[in-house]
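Given next are the chains, with one letter for each unit.
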Amino acid sequence: RPTVLTIGNYVKVKTLEEAYELNQARNSRIMGGMMWMRLGNARVKTIIDMSELGLNEIEETDHVFRIGAMCTLRQLEEHEGLRKFYGDGIAESLRHIVGVQFRNGGTVRLSEFVNRKADKDILVSVIVRKSKRKFRYESIRQTKTDFPVLTCSVVTGIYRGQESWFFSVGARPMKAALLEKQWEIPKDATDEQLTEYAKRVAAEFTYGSNMRGSAEYRQHLAEVLLRREMRSILDEYNAEEK
């Protein structure tokens, strides 16, 4: 059965206030880049286009990066300021998403409230504070532009005055989940030690099965990818100290 998205009214808003008012209606939706929404089966009374509100820029200040909600994935992928602070991690997390044409249309829809119940607020920007953190991302795909079997990322640095490690696993096949560990992993940790750390972390996530892999297979992949990313981060720390 083909999927059909039916839209009653299309409104290109002139102000954020207008967008907010329109979005309060039960059957209104923010348009974004329309890359995934158009593949769904739904009847939408009003689709809200915010492309003229100036939310498509990445602003860099002395302390933060402010990423507009209409900023494309390609802009994030190519931004030199983000690459300077976080290495190739951000670009690596994006470059496998379909193709360049898609990433030129797909927009930013991220929020620290990812687990919060959906509401009618409008995400205007995502703020990333500048910090000396290490960031790694890896994914497993059956083909280059396919949906991932599993994605993993690891971030570490000083957070709230303590060394913290953040682990995220996505395409489980549920949405990505985040786990924080206040660990002081020794810089000279062996592969055996990192394997144990990775197993403990991977076991705290839940996994499901679908056509791309079983839950057991995904947990095994998580252990492998997390260990690999932790090793890469520690190797970078050790190289900086030489």
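Just so it is clear, the structure is predicted and the values come from calculations on it, not from any experiment.

Attention shifts here to the overall build of the protein. Within the protein, the secondary structure is distributed over seven helices and 10 strands. By residue count, 43% of the 242 residues in the protein fall in the buried class. Nonlocal contacts in the protein, meaning residues at least 24 apart in sequence, comprise 57% of its contacts between residues at least 6 apart. Surface exposure of the protein reaches about 14300 Å², of which carbon and sulfur atoms provide 50%.

Pairing between the strands of a sheet comes from backbone hydrogen bonds, and it takes one of two forms, parallel or antiparallel. An order of S4-S5-S6 is seen for the three strands of this open sheet, with the pairing classed as antiparallel. The open sheet is flanked by strand S4 (58-60) and strand S6 (125-129), the only strands paired with a single partner. Here the average twist between neighbouring strands, direction ignored, is 15°. Looking at chain direction, S4 and strand S5 (residues 64-68) are connected through three bridges and run antiparallel. Residue pairing in the sheet places Ile58 in a bridge with Ile67 of S5.

So, about the pairing of strand S9 (residues 162-170). Along any regular strand the residues' side chains alternate between the sheet's two faces. Burial runs high along S9: eight of the nine residues are buried. Across nine bridges, the pairing between strand S8 (residues 148-159) and S9 is antiparallel. Bridge pairing in S9 links Ile158 to Glu163. The antiparallel hairpin formed by S8 and S9 contains two residues in its connecting segment, where Arg160 sits at a positive phi of about 55°. Pairing between S9 and strand S10 (residues 177-181): five bridges, direction antiparallel. Directly across from Ser168, in S10, lies its bridge partner Leu178. Linking two consecutive strands that pair antiparallel, namely S9 and S10, is a turn of six residues; a positive phi of about 55° is found at Ala171 within it.

Moving on, we get to the nonpolar core. Core analysis: the largest hydrophobic core is formed by 27 residues, its most contacted members being Trp165, Phe167, Ile185, Tyr207, Leu226 and Met230. Broken down by element, the residue count for this core peaks at nine residues, all from helix H7 (residues 215-241). Not counting the four nearest positions on each side in its chain, Ile185 is found in contact with Glu163, Trp165, Leu194, Tyr197, Met230 and Leu234. In this structure, Ile67, Ile90, Leu94 and Val155 belong to the second largest nonpolar core, which totals 15 residues.

Turning to unusual backbone geometry, a few remarks are in order. Following Arg172, the chain continues into Pro173 via a peptide bond in cis, with omega recorded as 15°. Within the secondary structure, Pro173 sits in the loop between S9 and S10. In this model, Ala171 sits at a positive phi of 55°, which is unusual for a non-glycine residue.

What follows covers the pattern of salt bridges. Using the criterion set out here, one finds 15 salt bridges in the structure. With a shortest N-O distance of 3.0 Å, Glu236 and Lys134 are connected by a salt bridge. One end of the pair, Glu236, is in helix H7; the other, Lys134, is in strand S7 (residues 134-141), and 102 residues separate them in sequence. By relative accessible area, which is 28% here, Glu236 ends up partly exposed. Linking Glu236 and Arg136 is a salt bridge whose minimum nitrogen-to-oxygen distance equals 2.4 Å. Linking Glu236 in helix H7 with Arg136 in strand S7, this pair joins segments that are 100 residues apart in sequence. Each member of the salt-bridge network shares a partner with another, and the members are Lys134, Arg136, Glu236 and Glu240.

A few words on the packing of aromatic side chains. The final tally for this structure, using the stated rule, is five aromatic pairs. Aromatic side chains Phe85 and Tyr86 sit 6.1 Å apart centroid to centroid with 45° between the ring planes, which places their arrangement in the tilted category. Consider the rings of Trp183 and Tyr197, whose centres lie 4.9 Å apart with planes at 50°: the pair is tilted. Of this pair, Trp183 sits in the loop between S10 and helix H6 (191-202) while Tyr197 sits in helix H6; the two residues are 14 residues apart in sequence, bridging distant segments of the chain. With respect to burial, Trp183 and Tyr197 carry one shared label: buried. Taken together, Trp165, Phe167, Trp183 and Tyr197 form an aromatic cluster joined through their ring pairs. The cationic tip of Lys130 hangs over the ring face of Phe65; the distance from NZ or CZ to the ring centre is 5.1 Å. Directly above the aromatic system of Tyr237 lies the positively charged group of Lys187, at a separation of 4.9 Å from the ring centroid.

Basis of the calculations
- The residue numbering used here restarts from 1 in each chain and proceeds along that chain's sequence as written.
- Given that this is a predicted model, residues contribute local features only at a pLDDT of at least 70 and side-chain atom pairs are listed and counted only at 80 or more, while totals for whole chains, interfaces and linings are drawn from all residues.
- Hydrogen atoms and water are omitted, and side-chain values are computed over all heavy atoms in the structure.
- Numbering of helices and strands runs from the N terminus; a helix is a DSSP stretch of H or I covering at least four residues, while a strand is a stretch of E covering at least two.
- When a residue's accessible area, from a 1.4 Å probe over protein chains only, is under 20% of the maximum for its type it is buried; when over 50% it is exposed; and in between it is partly exposed.
- Whether two residues touch is decided by their heavy atoms; if any such pair falls within 4.5 Å, the residues are in contact.
- Reported accessibility uses the Shrake-Rupley method at a 1.4 Å probe radius. Residues are deemed covered only where the shown protein chains occlude them.
- For two strands to pair, DSSP has to find at least two bridges joining them.
- Note on geometry: axes are lines fitted to C-alpha atoms, helical ones only across the stretch in contact, with angles between N-to-C directions running from 0 to 180 degrees.
- Residues belong to a common nonpolar core when they are buried Ala, Val, Leu, Ile, Met, Phe, Trp, Tyr or Cys residues joined through side-chain atoms within 4.5 Å.
- By definition here, a salt bridge exists when the distance from a side-chain nitrogen of Lys or Arg to a carboxyl oxygen of Asp or Glu is within 4 Å.
- For Phe, Tyr and Trp, rings pair up if their centres lie within 6.5 Å, where Trp contributes its six-membered ring, and each pair is then called stacked (planes under 30 degrees apart), edge-to-face (over 60) or tilted (otherwise).
- Two limits define a charge over a ring: the Lys NZ or Arg CZ must be within 6 Å of the ring centre, and within 35 degrees of the ring normal.

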